[in-house]
Amino acid sequence: MRAPLNPLIDSLSLPPIPEAQSWARAYDGAHGPLINLSQAVPGSPPHADLRERLARAAGSADAARYGMIEGDLALREAYAVETANQYGAAIDAGQVAITAGCNEAFAVAAMLTAQAGDEVILPTPWYFNHQTTLAMLGITPRALPARAENDFVPDPADARGLITPRTRAIALVTPNNPTGAIYPPEILAAFATLAREEGLWLILDETYRDFLAGDGAPHALFDAPDWGDNLIALYSFSKSYAVPGHRLGAMIAGPQAMEGIVKILDNLQICPARTGQIALAWAIPNLRQWRAENRADILTRAGIFTDVIARHPGWKVESIGAYFAYLRHPWTGMLAATVAERLARERGVLALPGSYFGPDQEDFLRVAFANVEAAQVAALDARLAGL
């Protein structure tokens, strides 16, 4: 008799990115090289000095040893200083934990704030790994519609109407994946107020914040003296430093939450991988100009993409932000996966169908324009013509 699997895992769909990549393999190259707009990966390598430090750290005896559960002190201090400066807030290394990427940070936040049978409010369209993480933990995602007519920014009043006795947290991603929508500071303040009033946690994923135009604080949530009672802020080093393979993310939380985070991390990772931590502790204060240049380049690509789409009737950029665009396709009533597969097979353009990101998303495709060069973005003009 075959031993049964955990039904919470067995019922999950397979990861969606490989399915989309299989469509691209059927492309015959007739229109030129594949333009891969599917996955949020940096389009350029790490800075040369960072690569050198990664190589040096990888060969060191120190990187082969265990580190602290919550991450190396040098990296936590550097990240705390950088974040405190950006937000004008009092944040120290004791409020920071380093994780194996932001996906793990979200999983830890979910385990910390909810248990099987509880609920977490999650705006739709949602980042699919957030939904599947909750599902495998037996936590129900309560779908909070973020609508095109509102620029895909969720409404705190709608969230209030979803709260039940089993609700434990609200999870937001800004700049958003998949839509690119940037949530205004006043909207984030309203969600923070709602969380405090209802005794909920606000899990705020800011993976793409370094690609926002301007250098100001994206919100003022850390100004509240009791922010640690309800807020857990997540971040990823993968995009900003072009090191996704090193799997490093971060969490900022108050003292009580941090105790729980350490308990969870000790059972998941023991400590984060040391090589990337050692190199990133140097990179945070020393690569600010390089990060600013990358940000400007990606914002340029966003402008090119918007201009290209505007020239093709029936296509519409519904939302665009730091890394992504959410694109309405011309074929109302056609499954988004059918559109995406046709685009990949016939024109060599790989995007993800909106259906990967939750219910009622068949009219959309998600485009990750940050991982291709500006010339490839411009080449979309010819690929869409006559489709």
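A brief structural summary. Everything numeric here is computed off the predicted structure, so don't read it as measured data.

The rules we used
Residues numbered from 1 in each chain as written. Predicted model: local features only at pLDDT ≥ 70, side-chain atom pairs only at ≥ 80, totals over all residues. Heavy atoms only, no water. Helix = DSSP H or I, 4+ residues; strand = E, 2+ residues; numbered from the N terminus. Rg over C-alpha atoms; globule rule 2.2 N^0.38 Å. Buried < 20%, exposed > 50% of the residue type's maximum accessible area, 1.4 Å probe, protein only. Contact = heavy atoms within 4.5 Å. Core = buried A, V, L, I, M, F, W, Y, C linked by side-chain atoms within 4.5 Å. Salt bridge = Lys/Arg side-chain N within 4 Å of Asp/Glu carboxyl O. Pairing = 2+ DSSP bridges. Phe/Tyr/Trp six-rings, centres within 6.5 Å; stacked < 30°, edge-to-face > 60°. 1 Å grid on protein atoms, 1.4 Å probe; cavity = no way out; pocket = protein on both sides within 12 Å on 5 of 7 lines; lining within 4 Å. Points joined across faces, edges and corners; volume = space filled by probe spheres on them. Nonpolar A, V, L, I, M, F, W, Y, C, P; charged D, E, K, R; others polar. Patch = residues over 30% accessible without salt bridge, like charges linked within 9 Å, V, L, I, M, F, W, Y side chains within 5 Å. Areas by Shrake-Rupley, 256 points an atom, 1.4 Å probe, with all protein chains shown as cover. Expected span 1.5 Å × (residues − 1).

Some remarks on the overall build of the protein chain
The number of helices and strands found in the protein chain is 14 helices and 13 strands. Relative to the 2.2 N^0.38 estimate, which gives 21 Å for 387 residues, the radius of gyration of the protein chain is 21 Å and therefore close to what a compact globule would have. Along the first, second and third principal axes, the C-alpha atoms of the protein chain reach 60 × 55 × 50 Å. Taken across its 387 residues, the protein chain has 53% of its residues classed as buried. Look at the contacts in the protein chain between residues 6 or more apart in sequence, and 75% of them connect residues 24 or more apart.

Things to note about the nonpolar core
The biggest cluster of nonpolar side chains holds 98 residues, and the ones touching the most others in it are Leu 50, Leu 202, Phe 222, Phe 237 and Tyr 241. Apart from the residues within four sequence positions on either side, Tyr 241 is in contact with Pro 46, Leu 50, Tyr 235, Leu 280, Ala 283, Ile 284, Trp 290 and Arg 291. Ala 109, Trp 126, Ile 139 and Ile 232 belong to the second-largest nonpolar core, a separate cluster that totals 26 residues.

Re the pattern of salt bridges
Under the defined criterion, the tally for this structure stands at 20 salt bridges. We note a salt bridge from Arg 56 to Glu 52, for which the minimum N-O separation is 2.6 Å. You can see Arg 56 and its partner Glu 52 sitting in helix H3 (residues 48–58), four residues apart, about one turn around the helix. Ionic pairing is found between Glu 206 and Arg 209, a salt bridge with its closest N-O pair at 3.7 Å. On the basis of relative accessibility, which here comes to 1%, the residue Glu 206 falls in the buried class. Overall, Arg 209 belongs to the buried group, its relative accessible area being 5%. Several salt bridges converge on common partners, so that one network encompasses Asp 62, Arg 65, Asp 72 and Arg 274.

Topic: the pairing of strand E7 (residues 231–236)
Burial runs high along E7: six of the six residues are buried. Residue alternation in E7 divides its side chains into two sets, Leu 231, Ala 233 and Tyr 235 and Ile 232, Leu 234 and Ser 236, and both sets are buried. Across four bridges, E7 lies against strand E8 (residues 249–252) in antiparallel orientation. If you follow Leu 234 over to E8, its bridge partner there is Met 251.

A closer look at the packing of aromatic side chains
Summed over the entire model, instances satisfying the criterion amount to 17 aromatic pairs. Taken together, a centroid distance of 5.5 Å and an interplanar angle of 70° make the contact between Tyr 79 and Phe 237 edge-to-face. Within this pair, whereas Tyr 79 is found in helix H4 (residues 73–87), its partner Phe 237 is found in helix H9 (residues 237–240), the two being separated by 158 residues in sequence. Residues Tyr 79 and Phe 237 agree in their burial class; the two are buried. Between Trp 315 and Trp 331, the aromatic rings sit 5.6 Å apart at their centres with planes inclined by 90°, giving edge-to-face as the arrangement. Taken together, the residues Trp 315 in the loop between helix H12 (288–310) and strand E9 (316–320) and Trp 331 in the loop between strand E10 (324–328) and helix H13 (336–347) connect sequence positions 16 residues apart. Its relative accessible area of 22% is what places Trp 331 among the partly exposed residues. Three or more aromatic residues link up through ring pairs in this structure, and these residues are Tyr 79, Tyr 235, Phe 237 and Tyr 241.

As for the layout of surface pockets
Size it by volume and the largest pocket reaches roughly 820 Å³. Examining the composition of the lining of the largest pocket, we find that seven residues originate from one element, helix H6 (residues 128–136), more than from any other. Here the lining of the largest pocket is built from residues that sort into 17 nonpolar, 17 polar and four charged. Here the second largest pocket is characterised by a volume of approximately 420 Å³. Lining the second largest pocket are 20 residues, with Glu 82, Asp 210, Asp 215, Arg 291 and Arg 295 positioned closest to its centre.

Some remarks on empty space enclosed by the protein
Any empty space left between the atoms is revealed when a probe the size of a water molecule rolls over them. Going through the model one piece at a time under the given rule, you end up with four cavities of 30 Å³ or more. If you go around the largest cavity, you meet 13 residues; those closest to its centre are Pro 42, Gly 43, Ser 44, Asn 294 and Ile 298. Ranked by residues supplied to the lining of the largest cavity, first place goes to H12 with five residues. Taken together, the residues that form the lining of the largest cavity break down as seven nonpolar, three polar and three charged. One number sums up the size of the second largest cavity: a volume of about 70 Å³. Contributing elements (two or more residues each) for the lining of the second largest cavity: H12, strand E13 (364–368) and helix H14 (374–384). Residue composition of the lining of the second largest cavity, grouped by class: twelve nonpolar, no polar and no charged.

Thoughts on a nonpolar patch on the surface
A contiguous nonpolar patch, built from Leu 8, Ile 9 and Met 136 and spanning about 230 Å² of accessible area, is present on the exposed surface. In this structure, Ile 9 sits in helix H1 (residues 7–10). Among the residues examined, Ile 9 registers a relative accessible area of 42% and is labelled partly exposed.

Some thoughts on helix H5 (residues 101–113)
Across its 13 residues, H5 extends 19 Å between first and last C-alpha, which sits within 8% of the 18 Å expected from 1.5 Å per residue. Counting buried positions over the 13 residues of H5 gives ten, a clear majority of the element. Residues of H5 that are buried: Gly 101, Cys 102, Glu 104, Ala 105, Phe 106, Ala 107, Val 108, Ala 109, Ala 110 and Thr 113.

The analysis is restricted to geometry; functional conclusions fall outside its scope.
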